[in-house]
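Results of the structural survey
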Amino acid sequence: MSNFPEIPLAVLLATVLTTHFWFRNFEPRAYTPVVIGVFICPVAFAISLLYHGFPPLFAVPLSYCAFHACLLTSIVAYRLSPFHPLANYPGPWIARTSKIWTFWKSLDGKLPQYYQRLHAQYGSIVRVGPNELSVVDKDLIPHIIGNHGMPKGPLWEGRRITPSKDKGNYSLIGQRDSGRHAQLRKAWNRAFSAEPLNDYAELLFSRANELALSLGNAGRDRRNENVNIAKWISFFSFDFMCDLAFGGGSNLLQEGDKNKYQENMEDGLLLPALTMQIPWLAHILQLFPVAGASTRALGAFAVQRAKIRSSQPAVQKDLFYHLVNNTFDDEEASTFPLIVSNAVLAIIAGSDTTASVLSNAVYYLLSNPTDLKRLQDELDETYSAFRDGLIPIEPDVLAKLPWLNAIINETMRLQPPVPTGLQRAPERGTGGKMVGTHFMREGTAIQVPPYVLHRDPRYFSPDPEKFWPERWVKDGKDTNIVLDTAAFIPFSAGPANCAGKQLAMIELRYVISLLFSRFNMRFAEGWDQRRWEENLKDRFVMAKGELMVDIQLRKSG
Ligand code: HEM
């Protein structure tokens with residue numbers, strides 16, 4: 001064996017390059033290529049070694065080790081090389097090698113802050129993965145997520161941990177085919193038009209008032225002087241979304257989370273938030289029933305509720321009623337899985353997002369007492385007759401209150417509930433797409449992180465990092481203030497923007513008005529308020545910690 005035989009080396013090189021060519025620019029997404037790549041390709045090298053007289057105990061391990069070492073080197077070298085299509089975009093070299101890097105960086109939930117640092121260092125377009133760019137340029141937004149944009153990106157495949165019987169065919173939010181997405185979206189748009197919104201407002205009125213009563217009781221209970229208001233808000237938003245989706249079925253505000261529904265939903269956030277960075281990992285996890293146990297538990301609850309709901313006539317016109325009556329224009333579709341899938345979507349998409357804005361608004365208002373006083377003055381002026389009662393639900397009146405809306409906008413500017421997850425990719429089979437002057441070939445993913453965009457001094461100044469609602473009321477009246485609403489995208493934009501935006505705005509305005517017209521709050525004594533922002537974690541939507549407040553009914557004026 002003075003000379004290592006040339007033929008086995010040639011076989012090794014050929015199999016490595018062929019495998020790499022196959023995987024080129026793509027993280028593998030299905031089982032077959034992984035099995036072939038990992039287990040079958042090295043066999044050719046092993047056979048050629050055996051043929052040249054190498055003993056099996058040497059040839060087999062060597063072929064596997066050599067094959068994988070060479071394949072890895074080849075992939076990394078290509079991704080770092082000037083021949084890669086994204087070679088000219090700046091970014092940390094390690095992120096170019098594999099998405100394992102952003103997987104790692106997202107473990108602590110502080111990916112938005114990491115992306116912000118990257119953009120500060122590298123500019124508006126940063127390569128954050130071998131085949132992924134992060135963009136914070138408002139002129140490119142319409143070409144990425146807007147009306148001239150692209151369908152959803154590969155992260156949605158990575159978020160599906162539990163194998164879905166319908167192969168995700170009914171899921172609106174994870175639908176990557178733009179034609180199918182548009183078809184599903186029609187029913188959602190009709191289910192959130194003016195008339196259904198009035199029906200939902202009635203559901204909101206009774207749940208929000210239950211929240212106010214629960215907080216009043218908790219505040220009066222001297223044994224329990226301080227209240228974790230974030231928990232109560234999460235209970236409320238979960239109950240309300242169940243009312244919306246199934247006409248009821250959850251009573252966390254009265255009974256607490258004894259069945260762990262809300263806890264399961266929170267726990268279920270972590271895994272998909274990690275696997276969405278590496279979609280092929282989700283494919284592997286789908287093989288293990290224990291993975292995604294929390295998500296399955298929520299799914300089981302949804303199926304049970306949908307069964308009950310579909311066997312009963314509608315007491316109130318909920319989302320279920322409107323979706324069934326609008327149908328999905330799909331004769332093939334069977335109603336039941338479609339309803340389950342969309343009801344779960346409403347609960348997941350609608351409860352954590354609004355809870356996060358509501359809790360953040362409470363946090364920012366308690367941190368800025370002058371802004372809080374101004375809000376209470378505005379509310380007192382509008383609802384003097386209801387000073388310590390339950391204010392009526394009048395969406396049109398609340399939509400016109402400048403300070404209330406400034407508070408909500410400023411909260412969502414600093415803490416968008418979906419801080420980094422807006423990802424798109426060129427439609428499959430098209431070869432690629434022009435994004436402004438940039439050609440994005442198929443296989444490239446592009447994301448627009450609202451957290452970074454909303455804190456960009458080119459679009460929001462002065463003090464883009466500061467909670468300063470004034471910027472929204474002075475906009476247009478003071479030339480020193482930059483406020484570019486084209487860069488304000490808490491609800492995303494374009495054909496796949498938030499389907500529940502109108503309802504969310506009605507909910508945010510009403511609940512904030514109700515809470516602050518009825519209660520005086522301050523941070524609980526001795527509670528370190530810095531903990532709130534520290535505990536906010538990007539899990540696609542925001543995961544939250546405790547928000548401890550001392551809460552008292554306001555005295556009649
Ligand atoms: C403050 C509250 C909310 C915020 C900030 C918010 C934000 C978002 C964002 C950023 C997206 C992602 C769109 C994309 O991928 O580009 C989204 C999607 C979605 N949201 Fe919301 N959301 C909120 C509340 C709600 C509510 C209350 C509902 C319904 C009950 C809802 C239903 C949906 C649905 C169905 C989608 C998928 C839309 C599609 O793919 O076409 N959201 N939301």
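All values derive from a computational prediction rather than experimental measurement. (Residues numbered from 1 in each chain as written. Predicted model: local features only at pLDDT ≥ 70, side-chain atom pairs only at ≥ 80, totals over all residues. Heavy atoms only, no water.)

1. Let's talk about the UniProt feature "binding site: heme" (unreviewed entry) in the protein
According to UniProt, the positions carrying the feature "binding site: heme" (unreviewed entry) are C498. As for its placement among the helices and strands, C498 is situated in the loop between strand 9 (482-483) and helix 24 (501-518). Residues in contact with C498, not counting those within four places in the same chain, are R185 and F491. (UniProt positions renumbered as here; feature names shortened; annotations may be inferred. Helix = DSSP H or I, 4+ residues; strand = E, 2+ residues; numbered from the N terminus. Contact = heavy atoms within 4.5 Å.)

2. A short note on the site of the ligand
Contacts to the ligand come from 29 residues, most closely from K152, H181, R424, S492 and C498. One nitrogen or oxygen atom from the side chain of K152 is found 2.7 Å from an oxygen atom belonging to the ligand. Counting residues per element, the ones that place at least two in the shell around the ligand are helix 9 (178-191), helix 11 (229-246), helix 18 (335-367) and helix 24. By residue number, the principal contributor to the shell around the ligand is helix 18, which donates 6 residues. (Near = heavy atom within 4 Å. Polar contact = N/O pair within 3.5 Å; in protein donor to acceptor, adjacent residues only side chain to side chain.)

3. A word on the UniProt feature "transmembrane region" (unreviewed entry) in the protein
According to UniProt, the "transmembrane region" (unreviewed entry) feature falls on residues 6-23 and 30-51. Within the segment residues 6-23, helix and strand shares are 100% and 0% respectively, and the terminal C-alpha atoms sit 26 Å apart.

4. Observations regarding the environment of N264
Among the secondary structure elements, N264 is positioned in helix 13 (residues 261-267). Each C-alpha atom, one on N264 and one on L298, is 6.6 Å from the other, the two residues being 34 residues apart in sequence. Sequence-distant contacts of N264, that is, excluding residues within four places in its chain, are made with N259, S294 and A297.

5. Re empty space enclosed by the protein
Counted under the stated rule, the structure contains 4 cavities of 30 Å³ or more. Taken as a whole, the second largest cavity spans an internal volume of roughly 80 Å³. Forming the boundary of the second largest cavity are K99, L111, Y115, E132, L155, M276, Q277, T420, G421, Q423 and Q447. Here the residues of the lining of the second largest cavity sort into 4 nonpolar, 5 polar and 2 charged. (1 Å grid on protein atoms, 1.4 Å probe; cavity = no way out; pocket = protein on both sides within 12 Å on 5 of 7 lines; lining within 4 Å. Points joined across faces, edges and corners; volume = space filled by probe spheres on them. Nonpolar A, V, L, I, M, F, W, Y, C, P; charged D, E, K, R; others polar.)

6. Some remarks on a nonpolar patch on the surface
On the surface, V35, V38, F39 and I40 cluster together to form a nonpolar patch covering roughly 340 Å² of accessible area. The topology assignment puts V38 in helix 2 (residues 31-51). V38 gets classed as partly exposed once you look at its relative accessible area, which sits at 31%. (Patch = residues over 30% accessible without salt bridge, like charges linked within 9 Å, V, L, I, M, F, W, Y side chains within 5 Å. Areas by Shrake-Rupley, 256 points an atom, 1.4 Å probe, with all protein chains shown as cover. Salt bridge = Lys/Arg side-chain N within 4 Å of Asp/Glu carboxyl O. Buried < 20%, exposed > 50% of the residue type's maximum accessible area, 1.4 Å probe, protein only.)

7. Quick notes on the sheet that holds strand 10 (residues 519-523)
The strand order across the open sheet built from 3 strands is 3-13-10, with neighbouring strands paired in antiparallel fashion. Two strands lie at the open edges of the sheet, namely strand 3 (226-228) and strand 10, each paired on one side alone. Strand-to-strand twist in this sheet, taken as the mean axis angle between neighbours without regard to direction, amounts to 45 degrees. (Pairing = 2+ DSSP bridges. Axes fitted to C-alpha atoms, helices over the stretch in contact; angles between N-to-C directions.)

8. A few points about the pattern of salt bridges
Applying the stated criterion across every chain yields a total of 21 salt bridges. Of the charged contacts in the structure, one is a salt bridge between K544 and D352, with a shortest N-O distance of 3.6 Å. Here K544, found in the loop between strand 12 (541-543) and strand 13 (548-553), pairs with D352, found in helix 18; they are 192 residues apart in sequence, far enough to count as distant. Here K544 and D352 have matching classes, each one buried. A salt bridge links R413 to E410; its shortest N-O distance comes to 2.9 Å. In this pair, R413 and E410 are both assigned in helix 21 (residues 402-414), 3 residues apart and thus about one turn of the helix distant.

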